[in-house]
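Examining the three-dimensional arrangement
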Amino acid sequence: MIRAALSWISGQALAGMLRLFAPLFPSQIPVLTYHSVDDSGSLLSVAPAVLRQHLTELRDAGWRSLSIAEYRAFAAGAKPPEHRILITFDDGYANFFHNALPLLVELRSKATVFVCPDWVGREPRWMRRDAELVRGLSRRLGFTAALHTRLEQEMDRLSQQPLMDWAQLRGVVDVGIDVQSHAAAHHFLTMLTDAELADDLARSRRVLEEQLATTVRTIAYPYGDCDMRVAQAAAAAGYDVGFVTDDWVAPGGALMRSRTGISGELNRAGLRLLLTGWPLYPHWRGFAHRALRWRPTAGAR
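Given the structure is predicted, the values throughout are model-derived calculations rather than measurements.

As enumerated under the stated definition, the model contains 18 salt bridges in all. Measuring nitrogen to oxygen at the nearest pair gives 3.5 Å for the salt bridge that ties R272 to E57. With R272 in helix α11 (residues 268–276) and E57 in helix α2 (residues 48–60), this pair connects stretches of sequence that are 215 residues apart. Measuring nitrogen to oxygen at the nearest pair gives 2.6 Å for the salt bridge that ties R229 to D194. Of this pair, R229 sits in helix α10 (residues 228–236) while D194 sits in helix α9 (residues 194–212), placing them 35 residues apart in sequence. Among the residues examined, R229 registers a relative accessible area of 29% and is labelled partly exposed. Each member of the salt-bridge network shares a partner with another, and the members are R72, R217 and D240.

Listed below in structure tokens is the structure:
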């Protein structure tokens, strides 16, 4: 109880400071990133009940979610109204179809799902394929041995979660949820040759557009892995908006835009605080991303 009260007081103080300084920074649209929607408790998952809480909190606080077309218009220079947000889900787990989609429809929330066409209807075994590269990334990010071990265990568990098939993805599009590119094969794109990179980016757009009869102009780079070469290749492949990961890539331009990952460990107070300080968030990057992910306590959710 005392811990929850102190957490609330400190959160209110920090929120006040953020409101004071936020007008000094350019207005930006918050972009939230979810992955699997399940009850595993994984850092890469959010429980359906927690997702409902997040979506309800956003609605009750006056936030309105955008379609990817609306977001792209604002990214191109149109001035966004206040309290607009983009909600995204990476990888396209089948549990999105079963657990998240009904909530989004019920609460009338728009969202965008980023999928890899090479893996549609399969299991995300790229997590095992790229285990050594992920190990190196976690070292660069300063993960403790315990956190890295937990991450590996959770990735192994998620690698057995099925991904949506084409019929499910068409059902997602049919109810107004956007499906966009997560590249074709979920590689670390900076590790590919120029030819491999061009093929992967172009193939993803082409297959998604053919299978889903939708326009694909936005990409979320797998693992958030992007540099100027990758961003230029994405532009050449026909993308006009690309998303990086704030923890290890500095945002820059329409093809390297900021997102923040959300897990079930972010409680309602943390979500409110994150949204209050969003204009400052790209300048905090890794610090804010980690600091706002405290575990919920009784009475603080």
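Here we come to the packing of helix α6 (residues 131–140) against helix α7 (residues 145–158). Axis separation between α6 and α7 bottoms out at 11 Å; the angle between their running directions is 145°. At the point where α6 passes α7, the crossing takes the right-handed sense. Across the interface between the two elements, V134, R135 and S138 of α6 pack against H148, L151, E152 and M155 of α7.

Now for the side chain of D225. As for its placement among the helices and strands, D225 is situated in the loop between β8 (218–220) and α10. Here L189 takes part through its backbone nitrogen, which lies 3.1 Å from a polar atom of the side chain of D225.

What follows is about unusual backbone geometry. Even without being glycine, A213 reaches a positive phi, approximately 50°. Within the secondary structure, A213 sits in the loop between α9 and β8.

All chains considered together, the criterion is met by 6 aromatic pairs. Residues Y34 and F89 carry aromatic rings whose centres are separated by 5.2 Å and whose planes lie at 25° to one another, so their mutual orientation is stacked. Of this pair, Y34 sits in strand β1 (residues 31–34) while F89 sits in strand β5 (residues 84–90); the two residues are 55 residues apart in sequence, bridging distant segments of the chain. Relative to F243, the ring of Y71 lies with its centre 5.5 Å away and its plane at 45°, an arrangement referred to as tilted. Of this pair, Y71 sits in helix α3 (residues 68–75) while F243 is found in strand β9 (residues 241–243), placing the two residues 172 residues apart along the sequence. Both residues of the pair, Y71 and F243, count as buried. Every member of this aromatic cluster is reached through a ring pair, and the members are Y34, F89 and F96. Taking NZ or CZ as reference, R205 lies 6.0 Å from the ring centre of Y239, over its face.

Criteria and thresholds
Residue indices begin from 1 for each chain and proceed along its sequence in written order. Only residues with pLDDT of at least 70 are given local features in this predicted model, and only at 80 or more are side-chain atom pairs given and counted; all residues enter the totals for whole chains, interfaces and linings. Side-chain numbers here rest on the full set of heavy atoms in the structure, without hydrogens or water. Every case where a carboxyl oxygen of Asp or Glu lies within 4 Å of a side-chain nitrogen of Lys or Arg is listed as a salt bridge. Numbering of helices and strands runs from the N terminus, with a helix taken as a DSSP run of H or I at least four residues long and a strand as a DSSP run of E at least two residues long. Here the term buried applies to any residue with accessible area under 20% of the maximum for its type, exposed to any over 50%, and partly exposed to those in between, with areas from a 1.4 Å probe on protein chains only. Axis lines are fitted through C-alpha atoms, for helices just across the contact stretch, and the angle between N-to-C directions can take any value from 0 to 180 degrees. The handedness criterion is simple: a crossing whose near helix is rotated anticlockwise from the far helix by less than a right angle is left-handed, and one whose near helix is rotated clockwise is right-handed. The criterion used for residue contact is that any of the two residues' heavy atoms lie within 4.5 Å. By the criterion applied in these results, polar contacts are pairs of N or O atoms within 3.5 Å in which, for protein atoms, one can donate a hydrogen and the other can accept it, and in which residues neighboring in sequence qualify only through two side-chain atoms. Two aromatic rings, drawn from Phe, Tyr or Trp (for Trp, its six-membered ring), form a pair once their centres lie within 6.5 Å of each other, and the interplanar angle then sorts them: stacked below 30 degrees, edge-to-face above 60, tilted otherwise. We call a charge positioned over a ring when the NZ of a Lys or the CZ of an Arg lies within 6 Å of the ring centre and within 35 degrees of the ring normal.

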